[in-house]
Amino acid sequence: MSHCFEIRVYYEDTDLAGIVYYANYLKFIERARTEWVRGLGVDQSRLKTEEGIVFAVRRVEADYLTPARFDDVLAVETRVEEIGGARITLTQTVRRDDETCFVARVQLVALSNTGRPQRLPEALKRAIAED
């Protein structure tokens, strides 16, 4: 069960050394998570409006292994590691061809409109399990 999202490195993603600025990997994996959820058939805007649920990153553990550079085409793989009552733990890996550039373990939590943890909707849990 994994999802793959492709992204190209633009000049704006790099630092003075011509390599991807470290914080931009977090943007890359955020985009990949958004596309993963969309691919599950979940409309996050509707989830917020109708059920009052949003997702927030609770924890990120990141390893920067080898630099990506301007014009590289990267693949971001998103893999579900664990699903709890209100949490989802993912591993996201950024690769250039067969070389791993970055790996993150990301813990997401579902929150209510009041900012309190909210149980994941059963439909979402089923969609993830069927993926």
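Residues numbered from 1 in each chain as written. Predicted model: local features only at pLDDT ≥ 70, side-chain atom pairs only at ≥ 80, totals over all residues. Heavy atoms only, no water.

1. Quick notes on the packing of aromatic side chains
This model, assessed by the stated rule, comprises seven aromatic pairs. When the centroid spacing of 6.4 Å and the interplanar angle of 75° are considered together, the rings of Tyr22 and Tyr64 count as edge-to-face. In this pair, Tyr22 sits in the loop between strand E1 (2-8) and helix H1 (24-39) while Tyr64 sits in strand E2 (residues 54-64), placing the two residues 42 residues apart along the sequence. In this structure Tyr22 comes out as partly exposed when scored by relative accessible area, which is 48%. Residue class for Tyr64 comes out partly exposed when judged on its relative accessible area of 40%. Put simply, the rings of Tyr21, Tyr22, Tyr25, Phe28, Tyr64 and Phe102 pair up and form one aromatic cluster. (Phe/Tyr/Trp six-rings, centres within 6.5 Å; stacked < 30°, edge-to-face > 60°. Helix = DSSP H or I, 4+ residues; strand = E, 2+ residues; numbered from the N terminus. Buried < 20%, exposed > 50% of the residue type's maximum accessible area, 1.4 Å probe, protein only.)

2. Observations concerning the nonpolar core
Among soluble globular proteins, nonpolar side chains are generally buried collectively. Core analysis: the largest hydrophobic core is formed by 31 residues, its most contacted members being Tyr25 and Trp36. Those elements giving two or more residues to this core turn out to be E1, H1, strand E3 (73-83), strand E4 (87-96), strand E5 (99-111) and helix H3 (122-130). With near-sequence residues (within four places) excluded, Trp36 lies in contact with His3, Thr78, Val80, Ile88, Leu90, Ile128 and Asp131. (Core = buried A, V, L, I, M, F, W, Y, C linked by side-chain atoms within 4.5 Å. Contact = heavy atoms within 4.5 Å.)

3. Notes on the sheet that holds E5
Strand pairing in a sheet relies on backbone hydrogen bonds, with the paired strands running either antiparallel or parallel. Read across the open sheet, the five strands follow the order E1-E3-E4-E5-E2; overall the sheet is antiparallel. Each of the sheet's edge strands pairs with one partner strand only, and the pair in question is E1 and E2. The mean angle between the axes of side-by-side strands here comes to 25°, regardless of whether they run parallel or antiparallel. Inspection of the sheet shows E4 paired to E5 by 10 bridges, in the antiparallel sense. Looking across to E5, one finds that Arg95 is bridged to Thr100. (Pairing = 2+ DSSP bridges. Axes fitted to C-alpha atoms, helices over the stretch in contact; angles between N-to-C directions.)

4. What to know about the state of the cysteines
If you walk through the whole model with that rule in mind, you get zero disulfides. We note that Cys4 lacks a disulfide partner, and the nearest cysteine sulfur, in Cys101, lies 13 Å from it. Residue classification places Cys4 among the exposed positions, given a relative accessible area of 54%. On the accessibility criterion, Cys101 (1% relative accessible area) is buried. (Disulfide = S-S within 2.5 Å.)

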